[in-house]
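Close look at the chain arrangement
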Number of protein chains: 4
Amino acid sequence: MRSEFPSGSRLRLPSTLFLCLLLLIPGVGSGEALAEEPASPVKVLVTYHSHSGNTERMAEAVVEGAKSIPGTEVLLKRVGQVTADELFSADAVVVGSPVYWSNMSGEVKTFFDNWQFKFGVFPELKMKNKVGAAFATGGQVSSGKEVTMLTILAAMLGNQMIVVSGGGAFGASATTEGNSPGIDNQELADAKALGRRVAEVAARFKAGSAK
Amino acid sequence: MRSEFPSGSRLRLPSTLFLCLLLLIPGVGSGEALAEEPASPVKVLVTYHSHSGNTERMAEAVVEGAKSIPGTEVLLKRVGQVTADELFSADAVVVGSPVYWSNMSGEVKTFFDNWQFKFGVFPELKMKNKVGAAFATGGQVSSGKEVTMLTILAAMLGNQMIVVSGGGAFGASATTEGNSPGIDNQELADAKALGRRVAEVAARFKAGSAK
Amino acid sequence: MRSEFPSGSRLRLPSTLFLCLLLLIPGVGSGEALAEEPASPVKVLVTYHSHSGNTERMAEAVVEGAKSIPGTEVLLKRVGQVTADELFSADAVVVGSPVYWSNMSGEVKTFFDNWQFKFGVFPELKMKNKVGAAFATGGQVSSGKEVTMLTILAAMLGNQMIVVSGGGAFGASATTEGNSPGIDNQELADAKALGRRVAEVAARFKAGSAK
Amino acid sequence: MRSEFPSGSRLRLPSTLFLCLLLLIPGVGSGEALAEEPASPVKVLVTYHSHSGNTERMAEAVVEGAKSIPGTEVLLKRVGQVTADELFSADAVVVGSPVYWSNMSGEVKTFFDNWQFKFGVFPELKMKNKVGAAFATGGQVSSGKEVTMLTILAAMLGNQMIVVSGGGAFGASATTEGNSPGIDNQELADAKALGRRVAEVAARFKAGSAK
């Protein structure tokens, strides 16, 4: 079974050679040109709403996961305290919410609304091409965590963000009541996995965009 | 208003120098290492189910949009005819479906099921990091096109794909009955925009991953 | 092709006879027992958030549709002004929202959150068995109206309400930009159809529950 | 805090009296009129797809719950074996699916497609006003059970069915891997609760419609 994709692959040697020679020139290789590209850190904003502290614990684990990727800088903030500059200067944004009535909380939804009403994201599409992801906590197993994460991702897609999962099919989540009350170790591990994935994808996309 | 992201950015000059020296060695710079990276085309698989021909027309416009990005190779196939190799060798996959009862058609859903049953995508997560997107056609305005696109994206997220919209908040879509029967020019333009966006994001991500 | 449902149907004549005899006793038939049952009007609460006035126009048409069913009383209120008593004394609740970032607005989401925080709907499940429905307005065709209606219905399902559509697959909706700006006649007709359907289903369910 | 609903409630004594007198006439009260109304059983169709047997176990518990409501007749069938007559003669339909890639299985989706392609549900809307509900099983906690149930309900809403939850916010569900592999007692209890709720709501709605 062979792919039907045509296999042509044109070499682009001259431009690579040129780049390398350029890099070898003192003052270029050691200077701005380089610094802007691989050296520029990937900025991840982790923002959340938490009433009981459960979503906050997940947020901290997302931060931990993102920080484990070298070259990542992470900012952790409650949704109500994020500034326009923090939002628009991030390379990736991870949003977490408790489940209230099968959906993100009103506080998190209002945060998204404020992307336009307070921060004026539109019509410039200022969030375009940033990486986005979601996490959620809820009391019961199948009572809104999926919808919460998917609608966070839907808000991001409407902003032309690039969306990933991690630590679960739609993002990281925790069931906070029942057999395992609060946030258990597996749920923290999922949140860390989400943070790592977001940082990795954002780093690759940023590196590819800088070319 | 200043970002609170820390601004540290460490240079990685030594590794860059090493790479450049490596590239200057004959037989390396002119050979496989380079050929695999910037020269390798971005492969986009556009696959769909179409009963009336409407979704097929949208699919063709997605292809046209993707092809407009230099360095992109596009394969157009009905979902039932996609092979494992075509699926797994793609850098991006765009899936289109008519709306049947507020969701993708059974034929498209069965295609996703076959990713596992026929193609064995799991446990290796063979679709991981491919770019994914969706398009949909439906008779009425708000009768399932969003759900169809979102659940296509949800299937992709479960496979750890990287998901984008384009030509609309969740992807490109067309309303095929009512005031503007069939596929009109705006809907075709949206489908092209989706194809372009998928090819662009896949190209950036691939370039960044090759580093 | 015959149904495989067993066809047994036991008569419940004695209890019906007893009820009739009871109704014929003066002071029972003319009193509270009867008054509470077929004569009690079906109360429909139509509540919404509107910034531009579009969702308000749809709300008014929902009201008109509901009122067209004899024996229906309708209350129209902005979400921020609904009291606990208005919410809990309704037989049916129809909630409308503009689309903000692919979902209901923060103001509507906060209204749902307040079912618990302000009104204490839980743990008694005070909304159980009320009929629920949704309507939405949005600028573009497939940019969140479905998600808005479905997540309104999801919030209602979490409250064990009984959910219906009407005027569209998930409820009534209007696209307020593009070829037909604002609310057109077809969209108003859909909103009226939703109001009628909610009132009819609520009436039947109430009549059946009173037995 | 007083409701703003108007409190008028007109007595409809004469019609009640007439009904009672009618019922007391031999040959009416003991005959067809009565038999059609409270005596006619509520028919619940429980239908599912199951690969591993997990969804089948849940289906059996839904059946058990529905049967616990007096006057309910229940038919249990795999989706591929349901006939048009079985579907259209039911008062309520409960559909269960395993989660395949964040959504119902292709087999269940094809069942819904066949409502039109094989059974011709449209344009007469033959499922209108039947009660609908959903259940789902999946390996992981937040990996598609909600989406599966919600999209089953969305298909039902598109058919103008009357939708309820039960045993969970969107229906009954079971997580079949992890700490509690297979179907545990709580999950069976949820499935029974769903069956009971569907039968109860369908009975009330049918009784109210017969008036």
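The model shown is predicted, which means the values in this text are computed figures rather than measured ones.

Focus on the overall build of chain A
Within chain A, the regular secondary structure consists of seven helices and seven strands. Within the structure as shown, chain A displays about 8,000 Å² of accessible surface, and the carbon and sulfur contribution to it stands at 53%.

Looking at the relation of the copies chain C and chain B
With an RMSD of 0.0 Å, chain C superimposes on chain B once it is rotated by 180° and translated 0.0 Å along the axis. Taken together, the rotation and translation relating the two chain copies correspond to the operation of a two-fold axis. Taken together, the interface assignments show that 100% of the residues at the interface of chain C recur at the interface of chain B, consistent with an identical surface on both copies.

Regarding the interface of chain C and chain B
Taken together, the contact pairs 14 residues of chain C with 14 residues of chain B. Three residues, V141, S142 and E146 of chain C, lead the burial of chain C against chain B; their summed loss comes to 49% of the area buried on that side. The tally of links from chain C across to chain B stands at zero salt bridges. Seen at the junction of chain C and chain B, the total is 11 residue pairs in polar contact (both at pLDDT 80 or more). Of all the elements in the fold, those that place two or more residues in the side of chain C that touches chain B are α6 (145-158) and β7 (172-175) of chain C. Per-element tally for the side of chain C that touches chain B: the top contributor is α6 of chain C, with five residues. Of the residues contributing to the side of chain C that touches chain B, the split by class is six nonpolar, six polar and two charged.

A few points about the pattern of salt bridges
Residues and elements named next belong to chain C. Using the criterion set out here, one finds 20 salt bridges over all chains in the structure. Its salt-bridge partner being E64, residue K192 comes within 3.5 Å of it at the nearest N-O pair. In this pair, K192 sits in helix α7 (residues 185-210) while E64 sits in helix α3 (residues 54-67), placing the two residues 128 residues apart along the sequence. With a relative accessible area of 28%, K192 lands in the partly exposed category. Of the charged contacts in the structure, one is a salt bridge between K77 and E86, with a shortest N-O distance of 3.0 Å. Take K77 and E86: they sit in the same class, and that class is buried.

What to know about unusual backbone geometry
Residue P123 of chain B is bonded to the preceding F122 of chain B through a cis peptide linkage, with omega at 10°. Position of P123 of chain B among the secondary structure elements: in the loop between α5 (106-117) and β5 (131-138). Here the phi dihedral of S102 of chain D falls at roughly 65°; this positive angle occurs in a residue that is not glycine. Tracing the backbone shows S102 of chain D in the loop between β3 (92-100) and β4 (103-104). The buried category is assigned to S102 of chain D, whose relative accessible area is 2%. The backbone phi angle of L125 of chain D is positive, close to 55°, even though this residue is not glycine.

Description of the environment of G195 of chain B
All names here are of chain B. Note that G195 resides in helix α7 (residues 185-210). Along the primary structure G195 and A172 are separated by 23 residues, whereas in three dimensions their C-alpha atoms are 9.2 Å apart. Among residues more than four places away in sequence, those in contact with G195 are V62, G65 and A66.

Section: the packing of helix α6 (residues 145-158) of chain B against α6 of chain C
Across the interface, α6 of chain B lies against α6 of chain C with an axial gap of 8 Å and an inter-helix angle of 85°. Looking at the two axes, α6 of chain B sits roughly perpendicular to α6 of chain C. Where α6 of chain B abuts α6 of chain C, its residues K145, E146, V147 and L150 of chain B lie against K145, E146, V147 and L150 of chain C. Here the contact of α6 of chain B with α6 of chain C is composed, by residue class, of four nonpolar, no polar and four charged.

Focus: the side chain of E146 of chain A
Relative to the helices and strands, E146 of chain A resides in helix α6 (residues 145-158). Although buried, E146 of chain A forms no salt bridge, and the nearest oppositely charged side chain, K145 of chain D, lies 5.5 Å from it. At 3.3 Å, the side chain of E146 of chain A and the backbone nitrogen of S143 of chain D are in polar contact. At 2.7 Å, the side chain of E146 of chain A forms a polar contact with the backbone nitrogen of G144 of chain D. Dropping the residues within four chain positions of it, E146 of chain A is found in contact with F170 of chain A together with V141, S142, S143, G144, K145, E146 and V147 of chain D.

What to know about the packing of aromatic side chains
Throughout the structure, instances matching the rule amount to 20 aromatic pairs over all chains. On the basis of an interplanar angle of 75° and a centroid distance of 5.2 Å, the ring pair of Y100 of chain B and F117 of chain D is categorised as edge-to-face. With Y100 of chain B in strand β3 (residues 92-100) and F117 of chain D in helix α5 (residues 106-117), this residue pair bridges two chains. Residue classification places Y100 of chain B among the buried residues on the basis of a relative accessible area of 14%. Look at F112 of chain C and W115 of chain C: their rings are 4.9 Å apart centre to centre, the planes differ by 50°, and that puts the pair in the tilted class. Of this pair, F112 of chain C and W115 of chain C both sit in helix α5 (residues 106-117), three residues apart, roughly one helical turn. On the basis of relative accessibility, which here comes to 0%, the residue F112 of chain C falls in the buried class. By the ring-pair criterion, three or more aromatic residues cluster together here, those being F111, F112 and W115 of chain A.

Looking at α3 of chain C
Residue and element names in this part refer to chain C. Here α3 is 14 residues long and its end C-alpha atoms lie 20 Å apart, about the 20 Å a rise of 1.5 Å per residue gives. Of the positions making up α3, those classed as buried are N54, T55, M58, A59, A61, V62, V63, G65 and A66. Close packing links the buried residues of α3 with β1 (42-48), β2 (72-78), β3 (92-100), β5 (131-138), β7 and α7.

Some words on the confidence of the model for chain A
Confidence in the prediction for chain A averages 86 pLDDT; 81% of positions are at 70 or higher. For this predicted complex, the interface confidence comes out at an ipTM of 0.82, alongside a pTM of 0.84.

Let's talk about the environment of A90 of chain C
The topology assignment puts A90 of chain C in the loop between α4 (84-89) and β3. Since its relative accessible area comes to 1%, A90 of chain C is described here as buried.

Considerations on the pairing of strand β1 (residues 42-48) of chain D
All names here are of chain D. Within β1, seven of the seven residues are buried, leaving the element largely enclosed by the surrounding structure. Side chains V42, V44, V46 and Y48 project from β1 onto one buried face, and the interleaved K43, L45 and T47 project onto a second face that is buried too. Of the pairings in the sheet, the one linking β1 to strand β2 (residues 72-78) comprises seven bridges and is parallel in character. Within β2, the residue paired with K43 across the bridge is E73. Relative to β3, β1 runs parallel, the two being bridged by five bridges. Bridge pairing in β3 places L45 opposite V93.

Considerations on the pairing of β5 of chain B
Residues and elements named next belong to chain B. Of all the eight residues making up β5, eight are buried; the element is thus mostly covered by neighbouring parts of the structure. Of the two faces of β5, the one lined by V131, A133, F135 and T137 and the one lined by G132, A134, A136 and G138 are each fully buried. As paired strands, β3 and β5 are joined by seven bridges and run parallel to one another. Of the residues in β5, the one forming a bridge with V94 is A133. Note: β5 against strand β7 (residues 172-175), four bridges, orientation parallel. Within the sheet, the bridge partner assigned to F135 lies in β7 and is A172.

Focus on the packing of helix α3 (residues 54-67) of chain D against helix α7 (residues 185-210) of chain D
Residue and element names in this part refer to chain D. Between α3 and α7, the least distance of the axes is 6 Å, while the angle of their chain directions is 45°. The orientation of α3 with respect to α7, classified from their angle, is oblique. Crossing of α3 against α7: the hand is right-handed. Contacts between α3 and α7 involve R57, M58, A61, V62, E64, G65 and A66 from the former and E187, L188, A191, K192, L194, G195, R196 and A199 from the latter.

About the cut-offs
Residue positions are given per chain, counted from 1 along the sequence in the order it is written. In the order they appear in the text, chains get letters beginning with A and ligands get numbers beginning with 1. The model is predicted, so local features are restricted to residues of pLDDT at least 70 and side-chain atom pairs to those at 80 or more, both for listing and for counting; the totals for chains, interfaces and linings are taken over all residues. Values reported for side chains reflect all heavy atoms of the structure, with hydrogen atoms and water molecules removed beforehand. Going along the chain from the N terminus, every DSSP run of H or I of four or more residues is numbered as a helix, and every run of E of two or more is numbered as a strand. Computed with the Shrake-Rupley method and a 1.4 Å probe, the accessible areas treat only the protein chains shown as cover for residues. Here the copies are matched by least squares. The fit uses the C-alpha atoms of residues with pLDDT of at least 70 in both. Residue contacts follow a heavy-atom distance rule, with two residues in contact if any of their heavy atoms lie within 4.5 Å. We define buried area as the total accessible area lost by two parts upon association, computed with a 1.4 Å probe and summed across both. The term salt bridge refers to a pairing of a side-chain nitrogen on Lys or Arg with a carboxyl oxygen on Asp or Glu at a separation within 4 Å. Pairs of N or O atoms within 3.5 Å make up the polar contacts considered here, provided that, within protein, one atom can donate a hydrogen while the other can accept it, and that residues adjacent in sequence are counted only when both atoms are side-chain atoms. Charged means Asp, Glu, Lys or Arg here, nonpolar means Ala, Val, Leu, Ile, Met, Phe, Trp, Tyr, Cys or Pro, and polar covers whatever is left, Gly included. Accessibility here uses a 1.4 Å probe with only protein chains present; expressed as a share of the type maximum, an area under 20% marks a residue as buried, one over 50% as exposed, and anything in between as partly exposed. Working convention: axes come from line fits to C-alpha atoms, limited for helices to the stretch in contact. Angles between N-to-C directions cover 0 to 180 degrees. Under this scheme an angle from 65 to 115 degrees is roughly perpendicular, one under 35 degrees roughly parallel, and one over 145 degrees roughly antiparallel; angles in between are oblique. Neither His nor the chain termini are counted; the positive set is Lys and Arg, and the negative set is Asp and Glu. Only centres within 6.5 Å qualify two rings of Phe, Tyr or Trp (six-membered ring in Trp) as a pair; their planes then separate them into stacked at under 30 degrees, edge-to-face at over 60, and tilted for everything else. Here a helix's expected span is defined as the number of its residues, less one, multiplied by 1.5 Å. What pLDDT reports is the predictor's confidence in each residue, on a scale of 0 through 100. Only strands joined by at least two bridges in the DSSP assignment are considered to pair. Throughout, a crossing is termed right-handed when the near helix is turned clockwise from the far one, and left-handed when it is turned anticlockwise from it by less than a right angle.

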